[in-house]
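Coordinates in review
Next come the chains, spelled out residue by residue.
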Amino acid sequence: MEHPERWNDGVILEVKQELGETKGRVIAIETSMRETCKDVKEILKSTAFIPDMQRMIVQHDKRIGELEQKSVLHDMAATKLEEHLREDESPDRYVDRNIAAWVKSGLWAAAAGGIAWIVAKVTGE
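Quick look at the structure, then. (Residues numbered from 1 in each chain as written. Predicted model: local features only at pLDDT ≥ 70, side-chain atom pairs only at ≥ 80, totals over all residues. Heavy atoms only, no water.)

1. With respect to a nonpolar patch on the surface
- Judged by side-chain polarity, Val 72, Leu 73 and Met 76 come together as a nonpolar surface patch covering roughly 290 Å² of accessible area.
- Locating Val 72 in the fold gives a position in helix 1 (residues 9–87).
- Judged by its relative accessible area of 47%, Val 72 falls in the partly exposed class. (Patch = residues over 30% accessible without salt bridge, like charges linked within 9 Å, V, L, I, M, F, W, Y side chains within 5 Å. Areas by Shrake-Rupley, 256 points an atom, 1.4 Å probe, with all protein chains shown as cover. Salt bridge = Lys/Arg side-chain N within 4 Å of Asp/Glu carboxyl O. Helix = DSSP H or I, 4+ residues; strand = E, 2+ residues; numbered from the N terminus. Buried < 20%, exposed > 50% of the residue type's maximum accessible area, 1.4 Å probe, protein only.)

As structure tokens, then:
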């Protein structure tokens, strides 16, 4: 048997309201799913850059290592150059020393020539 109050206008109206609320919730869920899908796609695009960034980081690390090695070599060369400059004589002293060596050689030659002249006079040759 069918219950007459079961399908009266109030019940039908209540069912329609519940269906309208359910439909609104379904529409809201569908909309949020589309937005979530867009967000997930953007996240996936962003994460696609991670391997490229990791490769770039590795390359930069290698380059930094090379530069550090060159820096150490240049520091060593600069240290050797500083030591050389500290130990090396100034150009003026170098020129003076060469002139002194020539004068000294000339004095020895003159002294030898003078002694030879004196010996020649004494011996009569």
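2. Digging into helix 1
- For helix 1, spanning 79 residues, the distance from its first C-alpha to its last is 113 Å, which sits close to the expected 117 Å at 1.5 Å a residue.
- At Pro 51, helix 1 is bent by approximately 25 degrees, the largest bend along its length. (Expected span 1.5 Å × (residues − 1). Bend = angle between axes of the 7 residues up to and from the residue.)

3. Here's the deal with the pattern of salt bridges
- One pass over the full model with this rule turns up three salt bridges.
- We note a salt bridge from Lys 45 to Glu 42, for which the minimum N-O separation is 3.6 Å. Within this pair, Lys 45 and its partner Glu 42 are both found in helix 1, separated by three residues, close to a single helical turn.
- Across the pair Asp 52 and Arg 55 runs a salt bridge, and its minimum N-O distance is 2.2 Å. Linking Asp 52 with Arg 55, this pair stays in helix 1, spanning three residues, or about one helical turn.
- The partly exposed category is assigned to Asp 52, whose relative accessible area is 36%.
- Judged by relative accessible area, Arg 55 falls into the partly exposed class, the value being 49%.

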